[in-house]
Amino acid sequence: MTFQDFAIWLSESRLSIALTDSQLAFPALESLHVIALTLVVGSIAVVDLRLLGLASRKRDASELIGSILPITWTAFGFAALTGLLLFAANPISYSANFYFLGKLGLLAVAGLNMVLFHVFAHRHLATQGALAPRLSGAASLTLWITVVTFGRWIGFTL
Amino acid sequence: MITTALLHFTQWLGGTALSAAVAGHFWVVPALQTVHILSVAVVLVGVLLINLRVVGLVERGQTVDAVLDRFLAPTAIAVLILAVTGLLLIAGEPTRALFRTVFWIKLALILAAGLLTWSHRPALTRAGGDGAAISLGRKGIALAALLLWLAVIVAGRWIAYVDAWPGAPA
């Protein structure tokens with residue numbers, strides 16, 4: 001089953017029809033999606049700016065990460081859930097949209113960057129001026145800003 | 001509510017070079033909106049951490065003063081960027097937001113949320129800034145502030161979905 005097949009199947013589901021029929025559902029989901037995604041990006045920015053040595057410099061990086069990341073993960077859960085439902089409202093159009101597909105790819109790369117951080121960079125957090133955490137922070141910030149940009153471009157290119 | 005003044009203002013604004021610059025290129029509005037959303041991210045994480053710290057739910061290892069010190073200024077700067085991008089977006093489509101009630105509700109919500117968030121510093125300096133000394137009333141204000149900020153985002157999204165005032169130009 002290709003992604004296109006899945007999109008066609010989903011477009012005929014009761015969920016999809018209910019979402020397109022309701023006047024309230026889509027704006028409500030969009031609002032929740034914006035709240036969730038801005039919390040993801042905002043909280044990640046706090047961590048990334050610390051990794052880059054640009055903010056919260058007096059604070060221990062590991063401690064900051066431990067305090068902020070639960071917020072990031074909770075917000076990401078809501079962003080993903082609302083995102084899935086938004087997708088379900090118009091699967092065929094979204095699955096053919098360059099910026100939607102690009103956003104999914106960028107999310108995957110951002111996830112990979114996060115894994116790489118935990119495997120390679122985390123142990124160097126205590127080292128002043130270490131390169132790995134800075135690269136991770138810069139990559140993360142760039143990726144997430146691009147995710148938001150691509151996300152906004154979807155609505156203008158459907 | 002469509003006053004002659006507002007109508008004349010939007011007609012004038014729509015004829016400016018600024019308006020033409022924003023409306024004239026496909027990418028300008030989405031780019032402005034992207035900067036707008038990224039600024040929302042700065043504000044939202046800031047007011048979340050500030051207000052939930054006042055309540056005592058997050059960042060308990062930090063003093064309230066430390067959280068205010070770290071996040072109030074960036075939040076205020078981000079609000080300024082939101083105002084600038086917002087004004088540019090209005091310049092590009094003068095009759096869109098200004099002739100919809102939900103936009104004016106959004107502005108009122110921003111004022112209320114901003115004032116409540118700003119009030120934590122003077123209120124808590126008097127109390128000593130210690131977590132245990134924060135009154136239930138102050139925590140209620142913090143929760144209200146956060147909910148108002150979330151309502152700002154909802155009101156903003158709703159601009160695209162509500163009808164303009166009767167008689168409003170297209």
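Here the structure is a predicted model, which is why all the values come from computation and not from measurement. (Residues numbered from 1 in each chain as written. Chains lettered and ligands numbered in written order. Predicted model: local features only at pLDDT ≥ 70, side-chain atom pairs only at ≥ 80, totals over all residues.)

Chemist: Describe in detail the overall build of chain B, supporting the description with residues and values.
Modeler: A count of helical and extended segments in chain B gives 8 helices and 0 strands. Reading chain B from its N end, one meets helices and strands in the order α-α-α-α-α-α-α-α. Seen through its C-alpha atoms, chain B measures out along the principal axes to roughly 55 × 30 × 25 Å. (Helix = DSSP H or I, 4+ residues; strand = E, 2+ residues; numbered from the N terminus.)

Chemist: Tell me about the interface of chain A and chain B, and name the residues and values.
Modeler: On the side of chain B, 20 residues touch chain A, which itself brings 21 residues to the contact. Mapped onto the side of chain A that touches chain B, the elements with two or more residues apiece are α3 (25–51), α4 (61–88) and α7 (131–157) of chain A. When residues of the side of chain A that touches chain B are assigned to their parent elements, the largest contribution, 12 residues, is made by α3 of chain A. Class assignment for the residues of the side of chain A that touches chain B results in 11 nonpolar, 7 polar and 3 charged. (Contact = placed C-beta atoms within 7 Å. Nonpolar A, V, L, I, M, F, W, Y, C, P; charged D, E, K, R; others polar.)

Chemist: So what about unusual backbone geometry? Which residues, and what values?
Modeler: If you check the backbone angles, S56 of chain A has positive phi at about 50° while not being a glycine. A tally of 20 C-beta atoms within 10 Å means that S56 of chain A is categorised as buried. The phi dihedral of E59 of chain B is positive, around 50°, even though this residue is not glycine. With respect to the secondary-structure elements, E59 of chain B resides in the loop between α3 (28–55) and α4 (64–92). A tally of 20 C-beta atoms within 10 Å means that E59 of chain B is categorised as buried. (Buried ≥ 20, exposed ≤ 12 C-beta atoms within 10 Å, placed from the backbone.)

Chemist: So what's going on with the confidence of the model for chain B? Which residues, and what values?
Modeler: All names here are of chain B. Confidence along chain B averages 93 in pLDDT terms, with 94% of residues attaining 70 or more. Confidence scores differ between elements of chain B, with helix α7 (residues 120–127) showing the lowest mean pLDDT of 81 and α3 the highest of 98. Among the scores for the predicted complex, ipTM is 0.95 and pTM is 0.95. (pLDDT = per-residue confidence, 0-100.)

Chemist: So what about the packing of α3 of chain A against helix α8 (residues 136–158) of chain B? Which residues, and what values?
Modeler: Where α3 of chain A meets α8 of chain B, the closest approach of the two axes is 9 Å, and the angle between their N-to-C directions is 135°. Judged on the interaxial angle alone, α8 of chain B and α3 of chain A are oblique. Seen along the crossing, α3 of chain A lies across α8 of chain B with a hand that is right-handed. Residues P27, E30, S31, V34 and I35 of chain A of α3 of chain A form the contact with α8 of chain B, whose own contacting residues are L150, I153, V154, R157 and W158 of chain B. Split by residue class, the contact of α3 of chain A with α8 of chain B holds 7 nonpolar, 1 polar and 2 charged. (Axes fitted to C-alpha atoms, helices over the stretch in contact; angles between N-to-C directions. Parallel < 35°, antiparallel > 145°, perpendicular 65-115°, else oblique. Left-handed = near helix turned anticlockwise from the far one by under 90°.)

Chemist: Break down helix α6 (residues 101–118) of chain B for me, citing the residues and quoting the values.
Modeler: Residues and elements named next belong to chain B. With 18 residues, α6 should reach 26 Å at 1.5 Å per residue; the first-to-last C-alpha distance of 26 Å fits that figure. Those residues of α6 not exposed but buried are K106, L109, I110, A113 and T117. Down the axis, α6 shows its buried residues gathered within 105° of arc, on one side only. Exposed and facing more than 90 degrees away from the buried side of α6 are L111 and L115. (Expected span 1.5 Å × (residues − 1). Arc of directions from axis to C-beta.)

Chemist: So what's going on with the environment of W153 of chain A? Residues and values would help.
Modeler: Topologically, W153 of chain A is positioned in helix α7. W153 of chain A gets classed as buried once you count the C-beta atoms within 10 Å, which come to 21. For W153 of chain A and Y99 of chain A, which are 54 residues apart along the polypeptide, the C-alpha to C-alpha distance reads 6.4 Å. With sequence-adjacent residues up to four places away left out, W153 of chain A is seen in contact with Y99 of chain A together with P30 of chain B.

Chemist: Give a detailed account of the packing of α7 of chain A against α3 of chain B, specifying residues and quantitative values.
Modeler: In the contact formed by α7 of chain A and α3 of chain B, the axes pass within 9 Å of each other and the chain directions differ by 135°. By the angle between their directions, the pair α7 of chain A and α3 of chain B is classed as oblique. In this structure, α7 of chain A crosses over α3 of chain B, and the sense of that crossing is right-handed. Across the interface between the two elements, I145, V148, T149, R152, W153 and F156 of chain A from α7 of chain A touch P30, Q33, T34, I37 and L38 of chain B from α3 of chain B. A breakdown of the residues in the contact of α7 of chain A with α3 of chain B according to their chemical character gives 7 nonpolar, 3 polar and 1 charged.

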